[in-house]
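For reference, the chains in residue letters:
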Amino acid sequence: MKSNRAYNCLLFQSHYDYFICVPYRTEINHSNAYHFKYSRRSKEHKSGLDYSKIIIASDSRYVGADDAIIDKDEYNETIRNIHRIKREALKYVDDYVAYRLGKKMMHEREYKRKYGYSTLRYFHKELGIVD
């Protein structure tokens with residue numbers, strides 16, 4: 001991540017003891033995301049909410065700060081699809097945790113394709129994964 005640059009995220013509390021922050025991104029070239037379809041920016045870019053760059057925060061002191069500025073049409077599409085986005089983001093995290101704990105089988109190629117560049121590896125403590 002670039003220092004001194006603001007990142008806007010969709011934040012929600014999980015059913016566990018942590019928050020999930022899904023960043024808005026201008027260019028997403030993989031399927032582990034919610035891709036905007038109706039925004040002006042999505043007509044020129046591959047914008048969306050990127051599940052592979054999820055941040056896990058267990059301390060509410062890391063949540064909040066300044067108000068975010070998000071394109072109005074992307075905000076509206078987010079709100080219209082909030083249940084789907086939350087379900088997909090939770091599944092992305094839950095499947096990762098289950099795989100890492102040996103509770104879910106996944107072919108190595110599928111795992112690498114889905115989680116090879118995921119930020120979740122930096123949040124094992126918060127996710128209850130002992131390495």
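Residues numbered from 1 in each chain as written. Predicted model: local features only at pLDDT ≥ 70, side-chain atom pairs only at ≥ 80, totals over all residues. Heavy atoms only, no water.

This next bit is on the pattern of salt bridges. According to the stated counting rule, one finds 8 salt bridges in the structure shown. Taking the shortest distance from any N to any O, the salt bridge between Arg 25 and Asp 50 comes out at 2.4 Å. Highlighted residues: Arg 25 in strand β2 (residues 19-25) and Asp 50 in strand β4 (residues 48-50), separated in sequence by 25 residues. According to the relative accessible area criterion, Arg 25 is partly exposed, its value standing at 30%. Among the ionic pairs, Arg 41 bridges to Asp 71, the shortest N-O distance being 3.6 Å. With a gap of 30 residues between them, Arg 41 in helix α1 (residues 40-44) and Asp 71 in the loop between β5 (55-57) and α2 (72-80) connect regions that are remote in the sequence. Among the residues examined, Asp 71 registers a relative accessible area of 34% and is labelled partly exposed. Beyond isolated ion pairs, a larger network of salt bridges with shared partners links Lys 91, Asp 95, Lys 104 and Lys 114. (Salt bridge = Lys/Arg side-chain N within 4 Å of Asp/Glu carboxyl O. Helix = DSSP H or I, 4+ residues; strand = E, 2+ residues; numbered from the N terminus. Buried < 20%, exposed > 50% of the residue type's maximum accessible area, 1.4 Å probe, protein only.)

Taking 1.5 Å per residue, 19 residues should reach 27 Å; helix α3 (residues 82-100) reaches 27 Å between its end C-alpha atoms and fits that length. If you check which residues of α3 are buried, you get Ile 85, Ala 89, Leu 90, Tyr 92, Val 93, Asp 95, Tyr 96, Val 97 and Ala 98. Positioned one or two residues after α3, Gly 102 has a phi angle of 80°, which is positive. (Expected span 1.5 Å × (residues − 1).)

This part covers the pairing of strand β1 (residues 9-13). Of the two faces of β1, the one holding Leu 10 and Phe 12 is buried and the one holding Cys 9, Leu 11 and Gln 13 is not buried anywhere. Two strands pair when backbone bridges link them, and β1 and β2 are joined in this way by 5 bridges, in the antiparallel orientation. Pairing of Cys 9 across the sheet is with Pro 23, part of β2. The antiparallel pairing of β1 with β2 creates a hairpin that spans 5 residues between the two strands. (Pairing = 2+ DSSP bridges.)

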